[in-house]
Structure formats: C-alpha cells, structure tokens
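# Structural features, examined
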Amino acid sequence: MKTKTNILSILFRGVIILWFTAVPGCYDSDEVGENFYTFTGQTIGSYIDNYPQMYSEFGKAVKIAGLSELLKTYNQYTCFLPGNTAMQNWYASLNVSSPDELPALDVKYMVYSHLIPDKIYLTTDFVEGALSATNMNSRYLVIGYKPQAESVAILINSNAMIVEKDVEVENGVIHAINRVLTPSTAAIPTLMAGDPRISLFVEALELTALDDSLQALRDDNYTPPTQTPLYKNDTECRSPKEKKIGYTVFAETNEVLAANGITNLESLKEYAAGVYNAMYPEDKDVSDPTDRRNSLNRFVAYHLLDKTVHYNNFFYKANMAQDATLYEFMETFCPNTIFKVSNENGTVVINNDLPRSVAGVTVLPAESGYEQDTDNGVYHLINGLLVYDTKVLTMLKNTRIRMDVTSLHPELMTNGMRYEKGDDPSGVTGPANYYLFPDGYLKNVNFISSNTNLYYLQGVKSGTNFWVNYQADEMMATGLFDFEMRFPPVPAGTYEIRFGYSANNNRGILQFYVDGEPKGIPLNMKIGADNARIGWETDASTLDNGIENDKMMRNRGYMKGGTSYMGGSVSARANSGALRRIISTETWSHDGPHYLRFKSVSDDALNEFMIDYFEFVPKNVYARPDGTPEERD
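Source: prediction; values computed, not measured.

Okay, the confidence of the model for the chain next. Predicted confidence across the chain gives a mean pLDDT of 89, with 91% of residues reaching 70 or more. Scored below 50 in pLDDT, residues 1–38 makes 56 contacts in the model with residues more than four places away or belonging to other chains. Scored below 50 in pLDDT, residues 422–426 shows nine contacts in the model against residues more than four places distant or in partner chains.

Here seven strands make up an open sheet; going across it, the order is β2-β1-β7-β6-β5-β4-β3 and the pairing mixed. Strands at the two margins of the open sheet, each flanked by one partner only, are β2 (115–117) and β3 (129–130). The pairing of β3 with strand β4 (residues 142–147) spans two bridges and is antiparallel. Within β4, the residue paired with G129 across the bridge is I143. The sheet contacts of helix α3 (residues 52–64) involve β1 (77–82), β6 (160–169) and β7 (172–177), and relative to β1 the element is tilted by about 110°.

Take the sheet that holds strand β24 (residues 493–501) next. On the basis of which strands lie adjacent, the open sheet formed by five strands has the order β18-β33-β24-β30-β27 and antiparallel pairing. Every interior strand has two partners, whereas the edge strands, β18 (401–404) and β27 (558–560), have only one. For this sheet, the mean angle separating the axes of adjacent strands, direction not counted, is 30°. With six bridges connecting them, β24 and strand β33 (residues 613–618) associate as antiparallel partners. When the sheet's bridge partners are listed, F499 is paired in β33 with F614. Against the sheet, helix α13 (residues 547–555) engages β24, β27 and β30 (579–588), with an angle of about 145° to β27.

On to the environment of I534, then. You can see I534 is positioned in the loop between β26 (517–524) and α13. Expressed as a C-alpha distance, the spacing of I534 and M553, which sit 19 residues apart in the sequence, is 6.0 Å. Once residues within four sequence positions are removed from consideration, I534 is found in contact with I527, G528, A529, M553, R556, Y558 and L579.

Of note, N575 is situated in the loop between β29 (570–571) and β30. Relative accessible area serves as the criterion here: at 15%, N575 is assigned to the buried category. Apart from residues no more than four positions distant in its own chain, N575 is found in contact with F466, V468, W536, G567 and V570.

The subject of this paragraph is empty space enclosed by the protein. Scanning the model with the defined rule gives five cavities of 30 Å³ or more in all. In this model, the largest cavity occupies a volume close to 120 Å³. Y140, K244, T308, T374 and D375 are, among the 14 residues lining the largest cavity, the residues nearest its centre. Class assignment of the residues belonging to the lining of the largest cavity gives a composition of two nonpolar, eight polar and four charged.

The buried fraction of β24 is high, at seven of nine residues. With nine bridges joining them, β24 and β30 adopt antiparallel strand pairing. Directly across from I497, in β30, lies its bridge partner S584.

Helix-helix packing: each pair is described by the crossing angle between the helix axes and the interaxial distance. Relative to each other, helix α7 (residues 199–207) and helix α9 (residues 265–279) sit at 70°, their axes nearing to 10 Å. Taken together, α7 and α9 sit at an angle that is classed as roughly perpendicular. Only L265, L268 and K269 of α9 make contact with α7, whose side of the interface consists of L200, E203, A204 and L207. Looking at side-chain class alone, the contact of α7 with α9 contains five nonpolar, no polar and two charged residues.

Our focus in this paragraph is the pattern of salt bridges. Tallied over the entire structure, the rule returns 34 salt bridges. Put simply, R139 and D373 hold a salt bridge, and the shortest N to O gap is 3.6 Å. One end of the pair, R139, is in the loop between β3 and β4; the other, D373, is in strand β16 (residues 371–374), with 234 residues separating them in the sequence. Comparing R139 with D373 shows no difference in burial state: the two are buried. With its nearest N and O atoms 3.0 Å apart, the salt bridge here joins E615 to R498. One end of the pair, E615, is in strand β33; the other, R498, is in strand β24, and 117 residues separate them in sequence.

Moving on, we come to helix α5 (residues 104–113). Counting buried positions over the 10 residues of α5 gives eight, a clear majority of the element. Regarding α5, the residues found buried are D106, V107, K108, Y109, M110, V111, Y112 and S113.

Moving on, we get to the pairing of β4. Across five bridges, β4 lies against strand β5 (residues 152–156) in antiparallel orientation. Counterpart to G144 in the pairing with β5 is L155. The turn linking β4 back onto β5 is made up of four residues.

Our focus in this paragraph is the packing of aromatic side chains. A full pass over the atoms with the stated rule returns 34 aromatic pairs. Relative to Y55, the ring of Y47 lies with its centre 6.0 Å away and its plane at 35°, an arrangement referred to as tilted. Overall, the relative accessible area of 8% leaves Y47 in the buried class. An aromatic cluster is built from F481, F483, F487, Y495, F499, Y501, F512, W588, F598, F609, F614 and F616, whose rings are joined through pairwise contacts. It is R597 that lies over the ring of Y513; its NZ or CZ is 4.4 Å from the centre.

The subject of this paragraph is helix α4 (residues 84–93). Listed in full, the buried residues belonging to α4 are N84, A86, M87, W90 and Y91. Buried residues in α4, looked at end-on, bunch into an arc of 160°, giving them a common side. Exposed and facing more than 90 degrees away from the buried side of α4 are T85, A92 and S93. For α4, the elements touching its buried residues are α3, β1, α5 and β7. Of the residues one or two after α4, N95 is the one with positive phi, at around 60°.

In this structure, K232 takes a positive phi of about 55° despite not being glycine. For K232, the location among the structural elements is in the loop between β8 (230–231) and β9 (235–236). Here N351, not a glycine, exhibits a phi torsion of approximately 60°, which is positive. The topology assignment puts N351 in the loop between β14 (348–350) and β15 (361–363).

Cut-offs applied
Residues numbered from 1 in each chain as written. Predicted model: local features only at pLDDT ≥ 70, side-chain atom pairs only at ≥ 80, totals over all residues. Heavy atoms only, no water. pLDDT = per-residue confidence, 0-100. Contact = heavy atoms within 4.5 Å. Pairing = 2+ DSSP bridges. Helix = DSSP H or I, 4+ residues; strand = E, 2+ residues; numbered from the N terminus. Axes fitted to C-alpha atoms, helices over the stretch in contact; angles between N-to-C directions. Buried < 20%, exposed > 50% of the residue type's maximum accessible area, 1.4 Å probe, protein only. 1 Å grid on protein atoms, 1.4 Å probe; cavity = no way out; pocket = protein on both sides within 12 Å on 5 of 7 lines; lining within 4 Å. Points joined across faces, edges and corners; volume = space filled by probe spheres on them. Nonpolar A, V, L, I, M, F, W, Y, C, P; charged D, E, K, R; others polar. Parallel < 35°, antiparallel > 145°, perpendicular 65-115°, else oblique. Salt bridge = Lys/Arg side-chain N within 4 Å of Asp/Glu carboxyl O. Phe/Tyr/Trp six-rings, centres within 6.5 Å; stacked < 30°, edge-to-face > 60°. Lys NZ or Arg CZ within 6 Å of the ring centre and 35° of its normal. Arc of directions from axis to C-beta.

Rendered as structure tokens:
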C-alpha cells in the first residue's frame, strides 16, 4: 500500500480534528474555574513567561492552545519544554515562521504532546521504554538512552534530547529538550514505510496486504457509560474512557536479512517457503501472497500482534520473585500460532529455549530509535529471523503455558490499563482504580448472561493487606454471572488445564466448561487451602519437602501456587492463599484457540469469582517420561 505525501497531510489534519472533537478533555481552555488554586511561586506557566529569551516561542503556542493560565494553577505536570531554536526548526520543517501561521488544532496537538498531566517524572524515575502515564493526547512518550563521549544522553521519542533536567516548580517538573516532539499520527504501516532500515520487510508487509490489517485507530462505536459504574453495587469505580486499537510489529532490518542471505523479495519468499511449507505441507501450493495460508504471508503475520506493547511493558514484575524468569505468551496474526517472550539476561527474547540450546530472537531496546510508535501501535527491530518452525513447536510442547488473565485481553494493554500502575511496589488500589467492562468491550469475552459484572482489579503489592496474586492483579466477576473467554491457540496435543486463584469467604461457587463441555464438579472458592477437602500443608512441616502432599492435593484436583511469584515475603507456594484448581485434561487433534466458560452456581449475586491466571500444561511437562516431578515455579 503506497501513500502519497499530500494524502498523508490530509490524513494527519483529519486525525487531529477527529481527536479534539471526539475526545474532549478537561484541558480545553484557559478557563481554570473556581476550584483551582493559583500559585504565588514559580509554576510551569510562569517559568515559560520568565525566560522569554529561551521559551517565548513555546509560550506563544501555549497561548494558542489555551493553556496559559492552566499551567499556572494547581495541578501536576511533567513538561518537556522545547527552546526557541527547537521551535524555529519546527517552523522551518513546516515552511512557516510562527505558530500563528498554523491551524490552531495543529498547535494544540503539538503543545499537548509535551505535557503529561497529573504525574511528575524526574529523570531518576525514567526507565527505557514508554512512561506509564500518557501525555495530554493520550499518547505514550518513549524514553531512550544514548551513550555520549563522557555521559549518557536521555532521548524522548528517539530524537529529542534532554538538555536541562529536573527543574522542579510548584506544579510539576520541567525537562528542557532540543527538539519539538511530533508524535506520528499515521497508521503504523505508514510510519514503517518511512524507515529505510526495514524497507524489505515493509515491501513484504504490503505485498501480503497485511498492512491493511494494521490501520484501525479506535473503536468509534464504543461509548463510555453515562452513569458512574459501581463495584459490588455500592462503591464507585471506572469504565474505560475509550477503546483504542493497537498493534505491535517486530521487523528484521535489511542488514539482518542480508546476513541470512535474504537481499530481495524473491529470496525472502524462498526462505519463508523453506520454513512454512515444511510446517504446513498441505498449503505448499498456495501461491497468492494475500492468502493467510501462503508461506510469505505466514512469515510476515508471525511478526504481528493485536496489542500495543512498548519495550518496557513486555513483563510485569510486581509480586514476582526477584530471581524468577519473566515471560508472556502472545498470539500472532499467523493463524493458530503463539510465541513466548522472556527476559533472559535482562533482555527481551522471543522463543528462547535454553534446555535445547536454541537461541531466541532478541528485541532491540528503545535506545537510538529501535522502538518507534504511532497512534495505533509500535514497532521493534529484532536481531534475527523470527519464524514459527519445528524448533518453536518442540519448545511449546515442552513448556508450561501460564497466562495471567489480563494478558488474554489486548484492550487492557493497548488502553494502558494493565500497566497503569507499572511496577510501583506500593501500588495504588481500591475501587477508585478498578475498571468495570461493559458487555462487548473485551473482544475475547462473551457475556452469556446479562447479569455478569466483570472488573479489572489492580492489587496491593506490599503492606499487611497484600494480595497473593500472580503479577499482582486480577479480574473479578460478580452477579449471577455466566460468560466465556477465548484463549490463545496452542499446538495439538494433550494438556492439563489449570486455574490459579485465591480462596476466601467472599467468593462463590462456579462451574467450568471447556469448549462447551462441563468439567468436573463445581469449584467452591470459599474453601480454604488447609480444609481437608484440599489438604494443603507447608513444605517445611513435611518430611519430604512436600512431595507426598503435592500428590495428595493433585488427587483431589488441586495444586499449590508457584515459587515464581510472592505472597507477601514468602513465595506463593508457601502461602495458603494461593491455589491452583485442575479443571480437566484435554487431548486436541488440531492447533487452535479454546474457550473456557464460567457459570455461577451461587445464590448470592455479591459472591465473587476471582480470576488470577491459567495454565495449559503439555503432558511432557506434567507427566514427564523420566518420572521427575514438574518444576515448582
């Protein structure tokens, strides 16, 4: 798909107009209202006014954007402040000499790009990748680090360098930068088409027409509820304010492809055929590159995800043991395929298989422009060829596939809910920070009963009331619920399906279904781990470090939590609050997604169904041929 420059200009203007008409915010004018307190000390607004020789041009833009008075009032901001030279260079790039010559909406979008409301970030708070809070355009700013002769420069969105940092004022902090931030508002294929490092990958993306699958920006049919939602019928919480759509693309550079003998589209087609015709011999004669069964199409599609994942958001460290390897399983656009991403040696690696000495593909860090984002996603450069081959298949068939419930729903990642609190050890929780999802908001959830209430809860990560949760969060259903979740595809084979949760008296009783079939007796989540029906004992209280206790619990359909996540100061395995229920053992003859249904059989509509994580465990893992027990992590 080729896009002309003049069309891009029109699209850019249209996106800005759409944004400011469809998503009105609380920052739309200089009318600050009666409830704002105006500081007498130096604020961001007065700082700009007091140094006209440095910042008068941005001050002009601030006035056009209607923020002059607001930036002098009570609120908190992180401001990335471009100097006059940076502003003049921006004018020159647009063939104008002042912001007065630009449409007000364009100027407003530019100013909003430099301000993060309600959050103060000192440079000591930065991590490589996206900041956890968005700017006033609801866009993430990406932090990168670039070594200099005697120091390390901090980059914002790959090219704007901080030249003066951590200027603290009454209502926030200012970081002076040497370039104007101009985040792309194009769809991600257009952004990629402008990067000469990946021109061959982009050519394949366009030939397969997969670029057309990466165009959506948001679901315009979603309207937030007009009434404030309630948690458990009595406490105010939130519903998502919008439904953005996002994508993540992993791309080999021309240099990486050339190092593997791939220098043009024909040689890339040959390489893709060599991999995918072996994996799918029944489709070897499919020659149309736009057909999802075609080998080149599969090659490109395996590089695409349906959610926005910035470099520092691949893993959630909260509540995880310090020495635990972190990982996620992600579904790709290639039909019925997933990959495993892990943090080996402090990096981000896809499909690493250490037991079989298979080196994975490394995702390059955000520094120096290796991560590029636009309004509907991000792309990352990788250091090797990313494919779904027999080695990856073998790895998956010998790996416990554990998925936090929130990882099943791309909307939580793309719309910033899953990583809203980041890895702050203190966390911020309580119903004011919970989300209630309207029916239809999550594409992988089907509400069978209209009496279903489904929430996302961000957990307490420390203190005396900590939550014993994998990754410190959960989803919660209340009401006389009945709903179904779609799970990512797994390779054909025999699996033990497990459900991770914590029990207490607020819980309810539910029936599990797998692919429409009821499985086992209902689970009573009120029953504690030390109840005789479960039989949990601490490893330290046994003579064999819990081996026989594990066997007895398995016979009753239960398992302890793992050692890779924490329950306070001890591992979840040592905390009776963490349990796994074995739902069923299934043998599937085909690759593909599967569906789990959860139906309340309680009479009390306020009973809770707490959902922490799930495991799809291949037989090679839970019943090893050599008889050794499954690892406890």
